[in-house]
Amino acid sequence: WSQSQSPDSSLEIKEKEIREKGSEILREQLDAAKKELKLKDKECERLSQVRNQLEQELEELTASLFEEAHKMVREANVKQAGAEKQLKEAQGKIDVLQAEVTALKILVLTSTPSSPNRQLHPQLQSSGTRGAHKCGGGHVRNKSISRAFQSSSGKPEPSSVSIQSAGKEEREMDSVLFAEFLLWKEQPSLDRSTAFLSRIYKEDIGPCLSFMRSELSQLVQRAVENNSLTIEPAAVSALPTVKAAALECGGPKKCALSGLSRTCRHRIKLGDKENYYYISPSSRARITAVCNFFTYIRYIQQGLVRHNAEQMFWEVMRLRREMTVAKLGFYFADQG
């Protein structure tokens, strides 16, 4: 009987061994799974911490960006308000300047060297209200000039009297001179290299401002060109201390330009220089004739003359004639 059960016992033993081995394998697998699970839990925890940190940084960055954006908006609003204020101020200044320009144009349109506006040229007023006047600066153009050949009593020029006695004055346009004027008028400037001004410098301005004192003559011409010459009655103010030699500056009885003994009721100042130079009536007439010419062509250059080309041309020719007549020594005594 014991021998017959022996195979079964061995079978049970084998089964038991198999179960034990299986259990051991399962335990090992379970332990490995637990270890892996713990590792995954740690990884999940680490990733969770990373996520929380990123979320916090993102919130802080978002808050910082919003704060910076609000700051930029506030600064932009402040700058915009400042710019709008400056724009309004600038617009106001522009309106004022436009009004001044309009008023100046109205004065200029009613004033030419042949018929000056007394508001624009206060030196043409009576001697009781007239003071020193300057040939440049400010809103008034060429204050030093009055019409060289217009007497204070309003009498006509001797030349016009003789012409009228013989008959009505006629005129005929020189086509070459008119062509040179039209070419200059397309781009008006004070560049003496143009054919128009080159001819006038050679035929009129140069001779009219050519005096015995050549060096002083050149300074006078330069001051006229720069619109910085001042002419004033000699008795307007006390005589300044003159640094230049008396021979150069002349005196009440001697013209600084011609060097001749003449009664000098006016004196000139060149730009910002301190010296005054006494000039005779004839010298003053020659200077003012040239100033008249420069005043008119500056008006044309600035677009202030509304006449047509032919009217402008004849006014230029009249001014050239005044320079020629003054150069020849004709002038009206200053009654003012």
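All of these numbers come straight from a predicted model, not from anything done at the bench. (Residues numbered from 1 in each chain as written. Predicted model: local features only at pLDDT ≥ 70, side-chain atom pairs only at ≥ 80, totals over all residues. Heavy atoms only, no water.)

Asker: Can you lay out the packing of helix α3 (residues 175-186) against helix α4 (residues 195-208) for me, pointing to particular residues and giving the numbers?
Answerer: Two quantities define a packed helix pair, namely the angle between the axes and the distance from one axis to the other. In contact at an axis separation of 7 Å, α3 and α4 are set at 125 degrees when each is read in the N-to-C sense. Classified by the angle their axes make, α3 and α4 are oblique. On the side of α3, the interface is formed by Val 176, Leu 177, Glu 180, Phe 181 and Trp 184, while α4 contributes Ala 195, Phe 196, Leu 197 and Arg 199. (Axes fitted to C-alpha atoms, helices over the stretch in contact; angles between N-to-C directions. Helix = DSSP H or I, 4+ residues; strand = E, 2+ residues; numbered from the N terminus. Parallel < 35°, antiparallel > 145°, perpendicular 65-115°, else oblique. Contact = heavy atoms within 4.5 Å.)

Asker: Account for the pairing of strand β3 (residues 266-270), with residues named and values stated.
Answerer: β3 sits mainly inside the fold: four of its five residues count as buried. Pairing analysis gives five bridges linking strand β2 (residues 229-233) to β3, with the strands arranged antiparallel. Among the inter-strand pairings, Leu 229 is bridged to a residue of β3, identified as Leu 270. In this structure, β3 lies alongside strand β4 (residues 276-279), joined through four bridges in antiparallel fashion. When the bridges of β4 are listed, Arg 267 appears paired with Tyr 278. The hairpin formed by β3 and β4 contains five residues between the paired strands, and Gly 271 there has a positive phi angle of roughly 60 degrees. (Buried < 20%, exposed > 50% of the residue type's maximum accessible area, 1.4 Å probe, protein only. Pairing = 2+ DSSP bridges.)

Asker: Could you give an account of the pattern of salt bridges, with specific residues and numbers?
Answerer: Applying the stated criterion across every chain yields a total of eleven salt bridges. Among the ionic pairs, Arg 321 bridges to Glu 169, the shortest N-O distance being 2.7 Å. Placement of Arg 321 in helix α8 (residues 309-327) and of Glu 169 in the loop between α2 (158-166) and α3 is noted, with a sequence separation of 152 residues between them. The partly exposed category is assigned to Glu 169, whose relative accessible area is 43%. (Salt bridge = Lys/Arg side-chain N within 4 Å of Asp/Glu carboxyl O.)

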